[in-house]
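These are the residues of each chain, in order.
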Amino acid sequence: MSRTLLSILLLLAWNQGAAGAQETTPEAQESEAQESGAHASTEADGHSHADHADHAQGAEDADAVKPYEPEDYPAVAFEPASWRAVEPEQPDIIFVRGASVVTSGPAGAWREADLLVEKGIIKAVGPGLYAPEGALIIDGAGKTVTPGIIDAHSHTAIFGGVNEGSNITTAEVRIADVIDAGDVNLYRQLAGGVTSANLLHGSANSIGGQNAVIKLRWGAPASGLLFDDAPQGIKFALGENPKQSNWGVDTTRYPQTRQGVEQSIRERFDAALDYRAAFERYEKAGGAQSGLIPPRRDLQIEAMLEIIDGTRLVHAHSYRADEILMLLSVAEDYGFTIASFQHVLEGYKVADELAAAGAGASTFSDWWAFKYEVVDAIPWNGAIMWDRGVVTSFNSDSSELARRLNLEGSKAIRYGGVNPMDALKFVTINPAIQLGIDEWVGSLEPGKHADFVIWSGPPYSTYSIVLETWIDGRKYFDRRADLEARERIAAERQALIAAVRAAEDGDKGEDNPEATNDESDHAHYHGPHQHGPHQEAN
């Protein structure tokens with residue numbers, strides 16, 4: 001296969017994976033539930049679209065189709081392929097008029113209010129505002145505006161595996177070094193209203209790698225996704241994963257017990273204090289002027305010191321109440337606060353202790369019984385912790401579930417009777433507090449970043465979909481433009497198919513100059529079903 005043909009096939013596979021669900025009528029668009037609004041079932045819909053197109057195209061000669069020319073498909077905004085997306089413009093002034101507004105802040109909510117944004121920053125929010133001259137005016141009638149959704153536990157957009165599992169402590173590795181800015185899940189999550197996410201290392205270690213808080217600026221390079229103001233963080237883990245339960249009889253990495261997990265954490269903190277003391281002795285002796293060999297730098301231990309100093313936040317994978325109390329005790333002994341316990345499915349048993357320690361809790365809305373250490377999990381967990389004063393959030397831990405975090409927040413209404421305004425905070429301001437970014441995002445307040453979502457209706461409804469998602473006053477998702485882009489992608493896909501068929505016919509002609517037109521046409525028709533784009537994308 002030629003290099004050109006291989007490139008065409010790869011591009012074809014990429015576009016099929018990036019394209020969203022296909023719709024043909026306005027009625028289908030309006031009746032779509034949240035899954036479709038978040039680009040669900042791309043593989044199934046891509047296949048359906050290909051079936052119709054392939055049969056129609058199969059009856060024609062490839063030469064009758066306009067040849068594929070890349071310049072016919074220029075880079076545009078709202079492009080579901082990140083490498084062709086361009087940065088959306090940032091209007092000087094944005095004015096959303098007459099929408100229902102839920103701020104997730106002290107102002108609460110209004111049934112009819114306005115939002116004023118200037119140069120990417122929220123200027124004012126409330127009823128009766130006036131649009132300045134030259135403002136981009138958005139009609140909010142019948143729509144709802146909320147802060148952008150924040151996912152406190154994500155593994156989206158990470159190259160390769162999320163675990164460096166070779167050692168029990170890997171505090172020196174960094175998720176920021178392996179961000180995949182081209183992961184199409186970022187775009188799909190924008191379609192679900194997500195604007196920020198906490199990319200976490202896995203839970204194979206008691207002390208794992210450093211996290212990366214990002215904004216979903218689709219089309220930007222990896223460095224452009226990073227939330228520059230966000231405090232640094234790190235992943236801890238307790239229980240079955242770091243002690244390697246059910247990893248097989250040949251697993252011998254220390255520790256193999258829960259008490260060993262605690263000891264492995266304490267040992268690293270002790271080592272960090274010894275490390276600091278060694279440098280202090282060196283400096284006291286005159287440092288570089290003393291002629292002494294300085295202590296060897298250790299990036300792993302320096303990360304541990306940042307935890308003790310309060311400049312690196314701990315996000316701890318946990319399930320059982322006894323282990324939650326254990327890590328609270330460790331934090332007290334070394335003088336730091338746990339920013340968030342992740343999963344924390346037995347948090348309801350120790351909610352008062354969590355609140356007293358100032359620790360956050362980022363949990364699942366209704367996951368339970370998926371392994372033995374969560375046998376006591378209940379769906380009322382989040383509501384109970386919230387009621388006892390714990391800053392509580394619901395997270396996805398899933399690229400797919402992240403597209404419907406608004407509905408995850410709504411489950412606090414069903415399980416625990418949390419009022420709708422506070423339930424939305426489970427996926428907006430509360431995770432922002434846990435990540436230390438609430439000064440900039442998480443609520444619609446003057447002075448904060450203009451990260452907001454325009455919904456077709458109340459965000460608590462399964463019938464509501466995202467119409468627009470804005471980050472820093474730039475529109476990164478537009479449903480109407482997305483639907484138009486799907487048509488463009490479908491046309492490009494057919495042009496690529498035609499180019500592949502033409503290349504195949506050319507190759508066959510070179511290999512067998514005596515091949516008849518009938519034979520060529522036969523191969524032309526059956527080829528896509530044997531080697532078509534749906535199979536190539538898998």
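Residues numbered from 1 in each chain as written. Predicted model: local features only at pLDDT ≥ 70, side-chain atom pairs only at ≥ 80, totals over all residues. Heavy atoms only, no water.

Undergrad: How do you make sense of the overall build of the protein when you look at a structure like this?
TA: A tally of regular secondary structure across the protein gives 17 helices and 17 strands. For the protein, buried positions account for 55% of its 538 residues. Expressed as a percentage of contacts within the protein between residues at least 6 apart in sequence, the contacts between residues at least 24 apart total 72%. Total accessible area computed for the protein in this model is approximately 23200 Å², and 51% of it derives from carbon and sulfur atoms. (Helix = DSSP H or I, 4+ residues; strand = E, 2+ residues; numbered from the N terminus. Buried < 20%, exposed > 50% of the residue type's maximum accessible area, 1.4 Å probe, protein only. Contact = heavy atoms within 4.5 Å. Areas by Shrake-Rupley, 256 points an atom, 1.4 Å probe, with all protein chains shown as cover.)

Undergrad: Which parts of the structure should I look at to understand the packing of aromatic side chains?
TA: Aromatic ring pairs are defined here through the distance separating the ring centres and the angle between the ring planes. Scanning the entire structure with this criterion turns up 14 aromatic pairs. Considering the side-chain rings of Phe364 and Trp367, the 3.8 Å spacing of their centres and the 15° angle between planes classify their relative orientation as stacked. An aromatic cluster of at least three residues, connected via ring pairs, comprises Phe236, Phe269, Tyr334 and Phe336. A cation sits over an aromatic face here: Lys215 above Phe227, 5.0 Å from the ring centre. (Phe/Tyr/Trp six-rings, centres within 6.5 Å; stacked < 30°, edge-to-face > 60°. Lys NZ or Arg CZ within 6 Å of the ring centre and 35° of its normal.)

Undergrad: Looking at this structure, I do not really get the environment of Thr462. What am I missing?
TA: Within the secondary structure layout, Thr462 lies in the loop between strand E15 (452-455) and strand E16 (466-471). Taking relative accessible area as the criterion, Thr462 reaches 45% and is therefore assigned partly exposed. When the C-alpha atoms of Thr462 and Ser410 are compared, they prove to be 9.6 Å apart, with 52 residues separating the residues in sequence.

Undergrad: Before we go on, may I ask you to explain the pattern of salt bridges in this structure?
TA: Close approach of charged atoms allows side chains with opposite charge to pair. The final tally for this structure, using the stated rule, is 28 salt bridges. Salt-bridge contacts for Arg320 lead to Asp322; the nearest nitrogen and oxygen are separated by 2.6 Å. Residue classification places Arg320 among the partly exposed residues on the basis of a relative accessible area of 25%. One connected set of salt bridges, linked through shared partners, spans Lys215, Arg217, Asp451 and Asp472. (Salt bridge = Lys/Arg side-chain N within 4 Å of Asp/Glu carboxyl O.)

Undergrad: Honestly, the environment of Gly209 in this entry has me stumped. Any pointers?
TA: Residue placement: Gly209 occurs in strand E8 (residues 207-210). Using a relative accessible area of 1% as the deciding quantity, one classes Gly209 as buried. On a C-alpha basis, the gap between Gly209 and Gly233 in space is 8.9 Å, while along the polypeptide they are 24 residues apart. Setting aside anything within four residues of it in sequence, one finds Gly209 in contact with Thr170, Val173, His201, Ile234 and Lys235.

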